[in-house]
Amino acid sequence: MSYCVNCGVELRESESHCPLCDTKVVNPRKPYNENAERAYPRRYDIVLPAENRMMTALLATILSFLPALTCVIVDYVISEKATWSLYVAIAMGVLWSFVLPPIVVRKHRDVISLLIGTISLSLGLWLIEKIVPVKGWFMSLALPIVICASFFILIIILAAKYVVFGVLKMMAFFFSFTALMVVVIEIVTDMYMDDNVQLQWSLIVFVPLVLVSLVMLVVERKKRVKDEMRKKFHI
Ligand SMILES: [Zn+2]
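Not measured: the values here are computed from a predicted model.

Undergrad: Which residues make up the pattern of salt bridges, and what values do they have?
TA: One pass over the structure, following the stated rule, counts 2 salt bridges. Here glutamate 13 makes a salt bridge to lysine 30, at a shortest N to O gap of 3.7 Å. One end of the pair, glutamate 13, is in the loop between strand 2 (10-11) and helix 1 (53-79); the other, lysine 30, is in the loop between strand 2 and helix 1, with 17 residues separating them in the sequence. The partly exposed category is assigned to glutamate 13, whose relative accessible area is 33%. Aspartate 110 is the partner of lysine 161 in a salt bridge, and the nearest nitrogen-oxygen pair spans 3.2 Å.

Below you can see the structure in the form of structure tokens.
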């Protein structure tokens, strides 16, 4: 038995080079033997990436709707009406609307996917409100949160795409926007609960996120100053 001198992987006699790091195998006691038993097949099949969008879309559709349909049928057979399975069907429909656009859409994929996802998530939540006993939460709680979240994600996508940011600046932007979103969610939740906005838990999230963003911006600044120094003084 030989072992690779570089990475220590166990080697068969049929290996002239380590399969992991390609280091040449040198073992005078166990020389390379072309005909020894191989650990894996010699032939490599090249798998060509099949760029068949329609086929993938069809597969995604089947994989989304088959479980939903199965659940509805099982539910109907057991209780003679669709109850719990409706939630599964709605969830799978929403999931499908998130999976499909990135496969089918070619231009402005992220923005279109976000738009379709937002519409379908809102529609899904509206349908759930129709079937649960507790009413009145969709318009005043779920929809504002979904729209806010989508709007924030849209801003982040557009910023990352069209505004030239460094990695640290982008992260600082992301964190401060998330902090802002958490506050908006608490405002919406408070309005829904008792029309009385009192910021509590969101501030606990807001403050550290903003602090982290500020630290990132400072570090970014420093790096810039360093780069300037390097350019000017050839350090
Ligand atoms: Zn090796």
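Undergrad: Tell me about the coordination of the zinc ion, and name the residues and values.
TA: Note on the zinc ion: its protein donors are Cys4 (SG), Cys7 (SG), Cys18 (SG) and Cys21 (SG). The metal-donor distances range over 2.2 to 2.3 Å. Around the zinc ion, the 4 donor atoms are arranged such that angles at the metal cover 104 to 114°; this shape is classified as tetrahedral. In primary sequence terms, the donor set of the zinc ion follows C-x2-C-x10-C-x2-C. Remark: cysteine 21 occurs in the loop between strand 2 and helix 1 and cysteine 7 occurs in the loop between strand 1 (2-3) and strand 2; sequence separation between them is 14 residues. Since its relative accessible area comes to 35%, cysteine 7 is described here as partly exposed.

Undergrad: Describe the packing of aromatic side chains, and please don't skip the residues or the numbers.
TA: Applying the stated rule across the entire model yields 5 aromatic pairs. On the numbers, 5.2 Å between centres and 70° between planes, the contact of phenylalanine 65 with tryptophan 96 is edge-to-face. Placement of the pair is phenylalanine 65 in helix 1 and tryptophan 96 in helix 2 (residues 85-104), with a sequence separation of 31 residues. For tryptophan 96, a relative accessible area of 25% translates into the label partly exposed.

Rules behind the numbers
- Residues numbered from 1 in each chain as written.
- Predicted model: local features only at pLDDT ≥ 70, side-chain atom pairs only at ≥ 80, totals over all residues.
- Heavy atoms only, no water.
- Salt bridge = Lys/Arg side-chain N within 4 Å of Asp/Glu carboxyl O.
- Helix = DSSP H or I, 4+ residues; strand = E, 2+ residues; numbered from the N terminus.
- Buried < 20%, exposed > 50% of the residue type's maximum accessible area, 1.4 Å probe, protein only.
- Donors = N, O, S within 2.8 Å, 3.2 Å for Na, K, Ca; no water.
- Tetrahedral: all angles 85-135°; square planar, octahedral: opposite > 155°, others 65-115°.
- Phe/Tyr/Trp six-rings, centres within 6.5 Å; stacked < 30°, edge-to-face > 60°.

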